[in-house]
Amino acid sequence: MSVPAARTDTAADPLLAPLLAGDRRALAQAITLVESTRSDHRERADALLAALLPHTGRSVRLGITGVPGVGKSTFIERFGLSLLERGRSLAVLAIDPSSKRGGGSILGDKTRMEELSRRQEAFIRPSPAGVTLGGVARRTRETMLLVEAAGFDTVIVETVGVGQSETAVSDMVDMFIVLLLPAGGDDLQGIKRGVIELADLIVVNKADGDLLATARRSAADYQHALRMLRSPTAGWTPEVTTASALGGEGVAAVWDTVERFRAAVGDKGLARRRAEQARTWMWNEVGETLLAELRRHPEVRRLVPGLERDVEAGRATPAAAARSMLKAFHGR
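Residues numbered from 1 in each chain as written. Predicted model: local features only at pLDDT ≥ 70, side-chain atom pairs only at ≥ 80, totals over all residues. Heavy atoms only, no water.

1. Focus on the overall build of the protein
The helix and strand tally for the protein stands at 14 helices and 7 strands. A burial count over the protein gives 42% of its 332 residues as buried. Taking all contacts inside the protein whose residues are at least 6 apart in sequence as the whole, residues at least 24 apart take part in 75%. A total accessible area of about 17000 Å² is found for the protein, and carbon and sulfur atoms account for 53% of it. (Helix = DSSP H or I, 4+ residues; strand = E, 2+ residues; numbered from the N terminus. Buried < 20%, exposed > 50% of the residue type's maximum accessible area, 1.4 Å probe, protein only. Contact = heavy atoms within 4.5 Å. Areas by Shrake-Rupley, 256 points an atom, 1.4 Å probe, with all protein chains shown as cover.)

What follows is the structure, encoded as structure tokens:
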């Protein structure tokens, strides 16, 4: 998807009005714009986002993660369709593992959520994770603002899987939902505690057939484990439920939990959480921008191959090599 050429005057961006009117083509072009690394596109994206900002922040923001094979896409599609039946609209921002050669998305969430993708009230955008720490697309936060401005009242951010990306996603959503498989014994012990600590809601998926009893036992075990952990959200005690994305049982009821969560946290609590997230976003952006500038610096680029060889051979410590890069970056 191409984007219109950058404007040199101060007039409103041509994408602004159609995007606010909910035009899907304009939305797709705007997302392509904010994901671009070109400096002129970056400047234009910043201006567009500034103009859109008063029209954002009105959606319910949910993060959903889970180990590979847990059925995230099936769950999100079934959950999303139930939201549409309630009269809501939905944008799904799915962070895909990136192709190491081309950097593009390789999973293709639109094919994994085929029925949902055909609905006018839904918008699905797979984005490559790129090189950002944890596999979370750097511009996911900005894409969230764009879909909110386009009128979508619910936003789901789906992560690659259980890993470092979960912390980043929990810093951009109102409620963080973790999907887990029915497990017990050693399997239960293998679940990463760090991910559980982030969860506002745990959903034990695939609670059907022969796994139904196991799923119920797992839910009870997870609920017991949560009692020993501090809640990530003030005013809310994390809950555990079971669901079958394949059969549909328990999926629609997750929205009832979302509504109880929002009522418990309250408008002030959600506003405070988003304010803290905005501050975190700012410092993350500082770090990303500085790292990009460091990598582009001519003197640093000249030094990097030799420094990498020295570190790999044990002739220099990583800390010393990093200081050498920073000295070159600062011109010292």
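2. Here's the deal with the pattern of salt bridges
For the structure shown, the criterion picks out 18 salt bridges. Glutamate 35 is the partner of arginine 125 in a salt bridge, and the nearest nitrogen-oxygen pair spans 3.3 Å. Note that arginine 125 is positioned in strand β3 (residues 122-128) and glutamate 35 in helix α2 (residues 24-35), a separation of 90 residues in sequence. On the basis of relative accessible area, glutamate 35 is assigned to the partly exposed category, the value being 29%. (Salt bridge = Lys/Arg side-chain N within 4 Å of Asp/Glu carboxyl O.)

3. Digging into the packing of aromatic side chains
Geometrically, a pair of aromatic rings is defined through the distance of the ring centres and the angle of the planes. Taken as a whole and assessed by the stated rule, the structure comprises 3 aromatic pairs. A ring pair is formed by phenylalanine 123 and phenylalanine 152, whose centres lie 6.0 Å apart and whose planes are at 40°; its orientation type is tilted. Linking phenylalanine 123 in strand β3 with phenylalanine 152 in the loop between α7 (140-149) and β4 (154-158), this pair joins segments that are 29 residues apart in sequence. Taking relative accessible area as the criterion, phenylalanine 152 reaches 9% and is therefore assigned buried. (Phe/Tyr/Trp six-rings, centres within 6.5 Å; stacked < 30°, edge-to-face > 60°.)

4. Notes on the pairing of strand β7 (residues 239-242)
Successive side chains on a regular strand alternate, one facing one side of the sheet and the next facing the other. Across 4 bridges, the pairing between strand β6 (residues 201-204) and β7 is parallel. Counterpart to isoleucine 202 in the pairing with β7 is valine 240. Handedness of the β-α-β unit built from β6, helix α11 (residues 212-227) and β7 comes out right-handed. (Pairing = 2+ DSSP bridges. Right-handed = clockwise from strand over helix to strand, strands pointing away.)

5. Brief notes about the nonpolar core
In terms of nonpolar packing, the biggest core is built from 46 residues, with Leu19, Leu27, Leu146, Val147 and Ile202 touching the most fellow members. If you tally residues by element for this core, the top one is α2, at 6 residues. Counting 32 residues, the second-largest nonpolar core is a separate cluster that includes Met113, Ile124, Leu179 and Val265. (Core = buried A, V, L, I, M, F, W, Y, C linked by side-chain atoms within 4.5 Å.)

6. Some remarks on a nonpolar patch on the surface
Among the surface-exposed residues, Met282, Trp283, Val286 and Leu290 lie close enough to one another that they form a single nonpolar patch of about 410 Å² accessible area. With respect to the secondary-structure elements, tryptophan 283 resides in helix α12 (residues 253-296). (Patch = residues over 30% accessible without salt bridge, like charges linked within 9 Å, V, L, I, M, F, W, Y side chains within 5 Å.)

7. Describing unusual backbone geometry
Even without glycine at this site, lysine 206 takes up a positive phi of about 65°. Residue position: lysine 206 is located in the loop between β6 and α11.

8. Here we look at the packing of α2 against helix α3 (residues 39-52)
Helix packing geometry: the angle between the two helix axes and the distance between the axes. Contact geometry for α2 and α3: axes closest at 8 Å, N-to-C directions at 125°. The orientation of α2 relative to α3 falls into the category oblique. Handedness of the α2/α3 crossing: left-handed. Each of Ala30, Leu33 and Val34 in α2 lies in contact with α3, whose residues at this interface are His41, Arg42, Arg44, Ala45, Leu48 and Leu49. Partitioning the contact of α2 with α3 into residue classes produces 6 nonpolar, 1 polar and 2 charged. (Axes fitted to C-alpha atoms, helices over the stretch in contact; angles between N-to-C directions. Parallel < 35°, antiparallel > 145°, perpendicular 65-115°, else oblique. Left-handed = near helix turned anticlockwise from the far one by under 90°. Nonpolar A, V, L, I, M, F, W, Y, C, P; charged D, E, K, R; others polar.)

9. Let's talk about the packing of α2 against α7
The interhelical angle for the contact between α2 and α7, taken along N-to-C directions, is 160°, at an axis separation of 10 Å. Here α2 is positioned roughly antiparallel relative to α7, judged by the angle of their axes. Note on packing geometry: the crossing formed by α2 with α7 is right-handed. Side by side, α2 and α7 meet where Leu27, Ala30, Ile31 and Val34 of the first sit next to Glu142, Thr143, Leu146 and Val147 of the second. Of the residues assigned to the contact of α2 with α7, the class counts are 6 nonpolar, 1 polar and 1 charged.

10. Regarding the confidence of the model for the protein
Taken over all residues, the pLDDT of the protein has a mean of 86, while the share at 70 or more is 84%. The low-confidence segment residues 6-10 (pLDDT under 50) makes 5 contacts with residues lying over four places distant or belonging to another chain. With pLDDT under 50 throughout, residues 98-109 is counted as low confidence; its partners more than four residues away or in other chains account for 28 contacts. (pLDDT = per-residue confidence, 0-100.)

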